[in-house]
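An overview of the molecular structure
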Amino acid sequence: DARRDIMDVRDTVRAYRLLVERGRPHQPYNVCRGEAFRVGDLLESLIRQAQIRIQVRTDPARLRPNDNPVVLGSPLRLRRDTGWAPAVGIDDTLRDLLAHWRHHLARDPQ
């Protein structure tokens, strides 16, 4: 049920480039989307797109009892100073991520 502010690496790289070009020196910026997604929803989306049956099992040893339920940043300063806004939707990110790994594993299945 954890919620995380996740964004596409292509948006991240574009934000970094704009910060180099237009950011104010010595000013901290949050490079984030400003939207928190439930990790379980992201997993369910990937499973729906999978071409094989996926079984999900929770490993209790990997759960963090003191984990923050929501990690969410504010991109307001980044947007104000650079004009940046995320351009790649989360559904596109997940689709492209899955396509990348399908291609990679097809070339080198080990």
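Up top you'll find the structure we're talking about.
None of the values given here were measured: they were computed from a predicted structure. (Residues numbered from 1 in each chain as written. Predicted model: local features only at pLDDT ≥ 70, side-chain atom pairs only at ≥ 80, totals over all residues. Heavy atoms only, no water.)

Right, let's talk about the nonpolar core for a bit. Core analysis: the largest hydrophobic core is formed by 7 residues, namely Met 7, Ala 15, Leu 18, Leu 19, Tyr 29, Leu 78 and Trp 84. Of the residues forming this core, the biggest block, 3 residues, is contributed by helix 1 (residues 9-22). Other than its neighbours up to four places away in sequence, Leu 18 contacts Gly 23, Thr 82 and Trp 84. (Core = buried A, V, L, I, M, F, W, Y, C linked by side-chain atoms within 4.5 Å. Buried < 20%, exposed > 50% of the residue type's maximum accessible area, 1.4 Å probe, protein only. Helix = DSSP H or I, 4+ residues; strand = E, 2+ residues; numbered from the N terminus. Contact = heavy atoms within 4.5 Å.)

This next bit is on helix 4 (residues 90-107). For helix 4, which comprises 18 residues, the first-to-last C-alpha distance of 26 Å matches the rise-based estimate of 26 Å (1.5 Å per residue) to within 8%. Looking at helix 4, one finds that the buried residues are Ile 90, Thr 93, Leu 94 and Leu 98. Across the axial projection of helix 4, the buried residues extend over an arc of 125 degrees, all falling on one side. Residues of helix 4 that are exposed and angled more than 90 degrees away from the buried face: Asp 91, Ala 106 and Arg 107. Where helix 4 is buried, its residues contact helix 1, strand 2 (36-38) and helix 2 (39-49). (Expected span 1.5 Å × (residues − 1). Arc of directions from axis to C-beta.)

Now for the layout of surface pockets. For the largest pocket, the calculated volume is near 270 Å³. Every residue along the wall of the largest pocket is listed here: Asp 1, Ala 2, Arg 4, Val 39, Gly 40, Asp 59, Arg 62, Leu 63, Arg 64 and Asp 67. Taken together, the residues that form the lining of the largest pocket break down as 3 nonpolar, 1 polar and 6 charged. In this structure, the second largest pocket occupies an estimated 200 Å³ of space. A breakdown of the residues in the lining of the second largest pocket according to their chemical character gives 4 nonpolar, 2 polar and 2 charged. (1 Å grid on protein atoms, 1.4 Å probe; cavity = no way out; pocket = protein on both sides within 12 Å on 5 of 7 lines; lining within 4 Å. Points joined across faces, edges and corners; volume = space filled by probe spheres on them. Nonpolar A, V, L, I, M, F, W, Y, C, P; charged D, E, K, R; others polar.)

Within the secondary structure layout, Val 88 lies in the loop between helix 3 (76-82) and helix 4. With a relative accessible area of 15%, Val 88 lands in the buried category. Taking C-alpha positions, Val 88 is 9.2 Å from Val 9, a pair spaced 79 residues apart along the chain. For Val 88, the contacting residues outside a window of four places in its chain are Asp 8, Arg 10, Asp 11, Arg 33 and Thr 93.

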